[in-house]
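Analysis of the macromolecular model
Residues per chain are reported as follows:
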Amino acid sequence: MPSGSLRDYHKKRDFKLTAEPKGAVAKRKSAAGKIGKLRYLIQKHDATRLHYDFRLEWNGTLMSWAVPKGPSENPDDKRLAVHVEDHPLDYGNFEGTIPKGQYGGGTVMLWDVGHWAPLGDVDESMRKGDLKFAVLGERLKGGFALVRLKNRNNKYGSKGDNWLLIKEKDPYAKPGGKPVTERNLRSAKSGRTMEEISRGNREWHSNRVDEKDPAMKPAKKAAKKVANKSPKKSAKKSAAKPAAKRKSPPRVPAKKKTRRAR
Ligand code: MN
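Calculation criteria
Residues numbered from 1 in each chain as written. Predicted model: local features only at pLDDT ≥ 70, side-chain atom pairs only at ≥ 80, totals over all residues. Helix = DSSP H or I, 4+ residues; strand = E, 2+ residues; numbered from the N terminus. Contact = placed C-beta atoms within 7 Å. Core = buried A, V, L, I, M, F, W, Y, C linked by C-beta atoms within 7 Å. Buried ≥ 20, exposed ≤ 12 C-beta atoms within 10 Å, placed from the backbone. Pairing = 2+ DSSP bridges. pLDDT = per-residue confidence, 0-100.

The subject of this paragraph is the environment of W111. Position of W111 among the secondary structure elements: in strand 6 (residues 106-118). W111 sits 82 residues away from T193 along the chain, and the two C-alpha atoms are 9.8 Å apart. Not counting residues within four places of it along the chain, the set of residues in contact with W111 comprises I42, Q43, K44, Y52, N184 and A188.

A few words now on the nonpolar core. Core analysis: the largest hydrophobic core is formed by 33 residues, its most contacted members being F54, W65, V67, A81, L146 and L165. Among the elements that take part in this core, strand 6 stands out by supplying five residues, more than any other. Once you skip the residues sitting within four places of it in the chain, A81 turns out to touch F54, W65, V67, L146, W163, L164 and L165.

So, on to unusual backbone geometry. The backbone phi angle of N59 is positive, close to 50°, even though this residue is not glycine. Looking at the secondary structure, you find N59 in the loop between strand 2 (50-58) and strand 3 (61-67). With 18 C-beta atoms packed within 10 Å, N59 lands in the partly exposed category.

Counting buried positions along strand 2 yields eight of nine residues, so the element is predominantly enclosed. Pairing of strand 1 (residues 38-46) with strand 2 involves seven bridges; the strand directions are antiparallel. For H45, the partnering residue across the bridge sits in strand 2 and is H51. The antiparallel hairpin formed by strand 1 and strand 2 contains three residues in its connecting segment.

Here we come to the environment of H83. Mapped onto the fold, H83 is located in strand 4 (residues 79-88). The class for H83 is partly exposed, based on 19 C-beta atoms found within 10 Å. Considered as a pair, H83 and F54 are 29 residues apart in the sequence and their alpha carbons are 9.3 Å apart. Beyond its immediate stretch of four places on either side in the chain, H83 contacts W65, D161 and W163.

Another point: the pairing of strand 6. Both strand 1 and strand 6 contribute to a ladder of nine bridges, which runs antiparallel. Looking across to strand 6, one finds that Q43 is bridged to L110. For strand 5 (residues 96-98) and strand 6, the ladder comprises three bridges, and the chain directions are antiparallel. Bridging across to strand 6, G96 finds its partner in V108. Relative to strand 7 (residues 130-137), strand 6 runs antiparallel, the two sharing five bridges. Each residue of the ladder has a partner; that of A117, found in strand 7, is A134.

Per-residue pLDDT for the protein averages 80, and the proportion of residues at 70 or more is 69%. When the criterion is pLDDT under 50, residues 202-262 qualifies, and its contacts beyond four places in sequence or with other chains add up to 52 contacts.

Following this line, the structure appears as structure tokens:
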């Protein structure tokens, strides 16, 4: 399917049960070549298996790849990147937990945020399976390539639309040293660790959880501590945001709503 559709995204999720945004295809057309105008982000996702979701804004949605080992700054590394369904632009602000049993259930961290610029025609590159681009994130910078594996009889197995994510050789390449995924264990947005994000979610359900639960207090303290420590202005705001958003617990089904047509 060409990029710019949320049909598969909506099909896989029950928005009465998950706090992920339903979203819509944005009307704003992506403008190729306008550096800084197209969003790029990576979400670290502790689902059935830990992976990093690599997302690039295009055609009003986020083109998405699931990268099991995460990105590398070493041009010699070829990281498997499984092309998955487009996600809504709103998804790029999502950090929190997806309920167990729901599609992708687990903790989601905004691991990197920024912008990207394609080199060449994106739609054509996607058809060819050879997308070259530059990112300007807080953690990743410079040139990358996403290259589709030609046949499905590759060493990664026959399932999925398998691509490789490869760092280009440029001044931002780091052939050695501690991997970027290991150097950065906190959210680029809220400064929280995966554990703090998953514990933070317990606070959102606090009206339904025993107040004496010993897990509640340390979670609050930790979240505050991180927010105060972080040098980013946005940290406090974003850390507080999810709690404010969920005035009602997401698991309570809306009674009057009829089932949405898919
Ligand atoms: Mn994911």
